Amino acid sequence: MMLSKSYTRLLACAVLVPALLLSACQKREVLPKSEFPLSEETITAAVTAQGLDWTVNWNEQERQTDIKTVYGLLQPESGQEFNTVFITSAQTEELGRYLDTVLMISHTQLQWPLEEPHSWEEWKDLLMLSARLYGGFEDEEEIFQACAKEELPLDKTTLWAGTLTGGYCQVRASTPIQDWSPFAGGGLMYSIHVELFESEDAYHAFK
């Protein structure tokens, strides 16, 4: 028996509508995007949500503007009495939203010889906090998981770069990790940067 055109259309709708609804339900919510430049309250909320004992300790308010803010954070586990995490955020018409989360590492924090080689796990908190602050990622571990899929390059300054759900990300070191030394004098500091842009084009325009 041949089906009428109207019945066929009804049957197609009966199949498509549940499928579309299921597809919509399966879409994962992304991390909310905070207003940029970031406020101290937003940073404190993100740090608290991640369960970190880091506190904002900034006293150079003249560096804060309508399009850019910079905050320094104390990190108790570093054993240092000065700021070891710095968060710079900005928003401009040309580049959109920009975030640079920096971890400063003193040569006095390094052990030699290394008991264990450096790994992405060392900077997981920094990577997760960056995702929370920037927003738009599937979850707070998206950056870390993307990095952890690749071996940590010890001889390069660019440790990882690529486009993710939330935007374009570059993770870099101030100097190649293989050159880090606890014997460097002069209070030398090393740093890990997590930079986030809305797109790769914005990254290249910034550079």
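This is a predicted model, so every value here is computed, not measured.

(A) Region of the structure containing the overall build of the protein chain. When helices and strands are counted, the protein chain shows five helices and seven strands. Mapped in sequence order, the helices and strands of the protein chain form the string α-α-β-β-β-β-α-α-β-β-β-α. Here the protein chain holds 207 residues, and the buried ones make up 43% of them. Considering only residue pairs separated by 6 or more positions, the protein chain has 56% of its internal contacts joining residues 24 or more positions apart. On the protein chain, roughly 12,200 Å² of surface is accessible, and the fraction owed to carbon and sulfur atoms is 53%.

(B) View of the packing of aromatic side chains. All told, the structure shown has eight aromatic pairs when counted by the stated rule. Between the aromatic rings of Phe36 and Tyr134, the centroid separation amounts to 5.7 Å while the plane-to-plane angle is 85 degrees, which identifies the pairing as edge-to-face. In this pair, Phe36 sits in the loop between α1 (5-26) and α2 (40-49) while Tyr134 sits in helix α3 (residues 124-134), placing the two residues 98 residues apart along the sequence. Tyr134 carries the same exposure label as Phe36, and that label is buried. Between Trp180 and Tyr190, the ring centres sit 5.2 Å apart and the planes meet at 20 degrees, which makes this aromatic pair stacked. Of this pair, Trp180 sits in the loop between β6 (167-173) and β7 (189-197) while Tyr190 sits in strand β7, and the two are 10 residues apart along the sequence. What makes Trp180 buried here is its relative accessible area of 4%. Members of the aromatic cluster, connected to one another through ring pairs, are Tyr98, Tyr168, Phe197, Tyr203 and Phe206. Its guanidinium or amino end placed over the ring of Phe36, Arg97 lies 4.5 Å from that ring's centre, counting from NZ or CZ. The ring of Tyr134 has Arg97 sitting right over it, with the charged end atom 4.1 Å from the ring centre.

(C) Main features of the sheet that holds β6. Across the sheet, seven strands lie side by side as β1-β2-β3-β4-β7-β6-β5; this open sheet has antiparallel pairing. This sheet does not close on itself; its edge strands, each paired only once, are β1 (55-56) and β5 (158-164). As judged from the two bridges shared by β1 and strand β2 (residues 68-74), these two strands associate in the antiparallel manner. In the strand pairing of β2, Val56 is matched with Leu73. Against the sheet, α2 engages β1, β2 and β3 (85-92), with an angle of about 40 degrees to β2. Strand contacts of α3: β3, β4 (96-106), β6 and β7, with the helix running at about 160 degrees to β4, the strand carrying the most contacts.

(D) Local environment of the pattern of salt bridges. Following the criterion strictly, the structure yields three salt bridges and no others. Taking the shortest distance from any N to any O, the salt bridge between Arg132 and Glu140 comes out at 3.9 Å. Accessibility expressed as a relative area gives 21% for Arg132, which makes it partly exposed. A relative accessible area of 23% means that Glu140 is categorised as partly exposed. A salt bridge links Glu195 to Arg172; the shortest N-O distance between them is 3.1 Å. One end of the pair, Glu195, is in strand β7; the other, Arg172, is in strand β6, with 23 residues separating them in the sequence. Here Arg172 falls in the partly exposed class, since its relative accessible area comes to 23%.

Thresholds applied
- Residues numbered from 1 in each chain as written.
- Predicted model: local features only at pLDDT ≥ 70, side-chain atom pairs only at ≥ 80, totals over all residues.
- Heavy atoms only, no water.
- Helix = DSSP H or I, 4+ residues; strand = E, 2+ residues; numbered from the N terminus.
- Buried < 20%, exposed > 50% of the residue type's maximum accessible area, 1.4 Å probe, protein only.
- Contact = heavy atoms within 4.5 Å.
- Areas by Shrake-Rupley, 256 points an atom, 1.4 Å probe, with all protein chains shown as cover.
- Phe/Tyr/Trp six-rings, centres within 6.5 Å; stacked < 30°, edge-to-face > 60°.
- Lys NZ or Arg CZ within 6 Å of the ring centre and 35° of its normal.
- Pairing = 2+ DSSP bridges.
- Axes fitted to C-alpha atoms, helices over the stretch in contact; angles between N-to-C directions.
- Salt bridge = Lys/Arg side-chain N within 4 Å of Asp/Glu carboxyl O.

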